[in-house]
Amino acid sequence: MTSGDDRSPASLSERELEILELVATGLTNLEIAQTLDISKRTVDNHVSNILDKTSTANRVELVRWALRWGKVCLQ
């Protein structure tokens, strides 16, 4: 685990949480954009902001972070 795992959870907007949930289901940015009826570029920006806020380097680390802090649940 990275040292960022010891920090308290980042504050994410409602839209960022919505996108995080879709990332955790395995959707690509294009699929997320189509699901939410927004542009892929907007999704790219949201994902980049989420990665920055959570100090994670990639989608796998992001999902691990989200599970650890209870931001998403796998069903």
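Residues numbered from 1 in each chain as written. Predicted model: local features only at pLDDT ≥ 70, side-chain atom pairs only at ≥ 80, totals over all residues. Heavy atoms only, no water.

(A) Looking closely at the overall build of the chain. Looking only at helices and strands, the chain has four helices and zero strands in total. The buried share among the 75 residues of the chain stands at 36%. (Helix = DSSP H or I, 4+ residues; strand = E, 2+ residues; numbered from the N terminus. Buried < 20%, exposed > 50% of the residue type's maximum accessible area, 1.4 Å probe, protein only.)

(B) The packing of helix H3 (residues 40–54) against helix H4 (residues 59–68), seen in detail. Here H3 crosses H4 at 60 degrees, and the two axes come no closer than 10 Å. The angle between the axes of H3 and H4 places the two elements in the oblique class. Handedness of the crossing formed by H3 with H4: left-handed. Note on element contacts: H4 touches H3 through Arg59, Leu62 and Trp65, opposite Val47, Ile50, Leu51 and Thr54. (Axes fitted to C-alpha atoms, helices over the stretch in contact; angles between N-to-C directions. Parallel < 35°, antiparallel > 145°, perpendicular 65-115°, else oblique. Left-handed = near helix turned anticlockwise from the far one by under 90°. Contact = heavy atoms within 4.5 Å.)

(C) Highlighting the side chain of Thr54. Counting through the fold element by element, Thr54 comes out in helix H3. What makes Thr54 buried here is its relative accessible area of 1%. At 3.4 Å, the side chain of Thr54 forms a polar contact with the backbone oxygen of Leu51. Of the polar contacts made by the side chain of Thr54, one reaches the side chain of Thr56; its length is 2.8 Å. (Polar contact = N/O pair within 3.5 Å; in protein donor to acceptor, adjacent residues only side chain to side chain.)

(D) Spatial organisation of H3. The terminal C-alpha atoms of H3, which comprises 15 residues, lie 21 Å apart, in line with the 21 Å expected from a rise of 1.5 Å per residue. Turning to H3, its buried residues number three or more, namely Val43, His46, Val47, Ile50, Leu51 and Thr54. All buried residues of H3 fall inside an arc of 135 degrees around its axis, so they share one side. Among the exposed residues of H3, those pointing more than 90 degrees away from its buried face are Arg41 and Asp52. The inward-facing, buried residues of H3 contact helix H1 (14–24), helix H2 (29–36) and H4. A positive backbone phi angle near 55 degrees is found at Ser55, which sits one or two residues after H3. (Expected span 1.5 Å × (residues − 1). Arc of directions from axis to C-beta.)

Limitation: the analysis is restricted to geometry and does not speak to function.
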